[in-house]
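So the chains spell out like this:
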Amino acid sequence: MKILILGGFLGSGKTSVLLQLAEYLVSLEKEYHSEVKVAIVENEIGAIGIDDKVLKKAGFIVNNLFSGCACCSLTGELVASIKKIQTELDPQWLIIEATGVAYPGSIRTVILDEVGLDATILIIADAKRWQRLVNAMELLVSGQLEDTSIVLLNKVDLISSAELKQVEHSILNYNQTAEVIPISAKAVIPEDILKKIVNQAEDLYDNKA
Amino acid sequence: MITKHDHAESCNHHHHAGHHHHGIESHMHDDALVCSGNRDIIGDLETIKQNLVGEIEILTRWIEEMSGIIGHVKALVECDAPVTMISTTGVDITVKEMVGSTVQISIVAIVFNTNAQSLECRIAGLFDAL
């Protein structure tokens, strides 16, 4: 089971990216000549889920973790949920959508320590609000960038090219090794970008195997 | 930097009872205030959706005026299909289309630097205004 953790601040577009990524994974069935099963763990800090309903309407298997964060207060529930998915569904892919206040690196560590599986982290950042969020809560938004090698910089259609350069520069200040890829998730994300993410997760899985 | 903002405005709508609003709960997660609520409303779906957009705009402006930072405010509108009642007394069959639908509204606001009590009141007021 390959695991992808989608992280990034609230409102950055994680669910929009997740939908396109999950649909892309399912579309790989033709290439693989076999069914590609994708399971999703949806973590929300609120007591009421919104995104899980959107994902279920799109036809995906969704496990909910509500009222807490998988990186801190719900680590036990996360581990139990992953083990259950592994046993009962055994999907090729598990996508975990972290809450917008989670540190994805901590989630990866929990999964590695408790389940023995490594995970690829994908961060979505909001280009339009980046600087404002850095000014208000630098520790959180910069902490979310740790441990990822790909940052999808979303909503670039809402900023100028000069602003885009500033945001890219700021992100690279916090994570020098990350590849920053500009996208607009409200449109179709180009297939080569989705492929790059999938390839990275597959490489990690193959190396561990 | 986030600074604490303790202003709590008074709540003057009908659901106020010891500052518990039915169907609305809030809690803190680190610096984030998480407020969730849901309510079933009987009415015209399109009108409710239109009103909800306007009410979320008002909520957004209020949070920003209070120097709050919006993580996100999300709402989900779900509606049952139009209800039809078919009845008979043995003579003929009556088919009656029921006017209005039950619309389920869910809302989650995750914000920073905002007073919990005031936000709960605002969201209760938002539901009342639909």
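For the structure, check the block above.
Residues numbered from 1 in each chain as written. Chains lettered and ligands numbered in written order. Predicted model: local features only at pLDDT ≥ 70, side-chain atom pairs only at ≥ 80, totals over all residues.

Caption draft 1: Layout of the sheet that holds strand E6 (residues 150-154) of chain A. All names here are of chain A. Taken in spatial order, the seven strands make up an open sheet running E3-E2-E4-E1-E5-E6-E7, and their pairing is parallel. Strands at the two margins of the open sheet, each flanked by one partner only, are strand E3 (61-65) and strand E7 (179-182). Neighbouring strand axes in the sheet, compared pairwise and without regard to direction, differ in orientation by 20° on average. Pairing analysis gives five bridges linking strand E1 (residues 2-7) to strand E5 (residues 119-126), with the strands arranged parallel. Paired with Leu4 across the strands is Thr120, a residue of E5. On top of the sheet, helix H4 (residues 75-88) reaches strand E2 (38-43), E3 and strand E4 (93-97); it is set at about 160° to E3, its chief contact. (Pairing = 2+ DSSP bridges. Helix = DSSP H or I, 4+ residues; strand = E, 2+ residues; numbered from the N terminus. Axes fitted to C-alpha atoms, helices over the stretch in contact; angles between N-to-C directions. Contact = placed C-beta atoms within 7 Å.)

Caption draft 2: Representation of the nonpolar core in the model. In this structure, Ile5(A), Leu6(A), Ala70(A), Ile95(A) and Ile96(A) are the most contacted members of the largest nonpolar core, which totals 87 residues. In terms of residue count, the dominant contributor to this core is strand E6 (residues 101-112) of chain B (eight residues). (Core = buried A, V, L, I, M, F, W, Y, C linked by C-beta atoms within 7 Å. Buried ≥ 20, exposed ≤ 12 C-beta atoms within 10 Å, placed from the backbone.)

Caption draft 3: Region of the structure containing the sheet that holds strand E1 (residues 24-29) of chain B. Residues and elements named next belong to chain B. Here four strands make up an open sheet; going across it, the order is E1-E2-E6-E3 and the pairing antiparallel. Each having just a single partner strand, E1 and strand E3 (69-79) make up the two edges of the open sheet. The sheet shows a mean angle of 15° between the axes of neighbouring strands, taken without regard to direction. Of the pairings in the sheet, the one linking strand E2 (residues 32-43) to E6 comprises twelve bridges and is antiparallel in character. Directly across from Arg39, in E6, lies its bridge partner Ile105. Against the sheet, helix H1 (residues 45-65) engages E2, E3 and E6, with an angle of about 170° to E3.

Taken by themselves, the reported measurements are silent on function.
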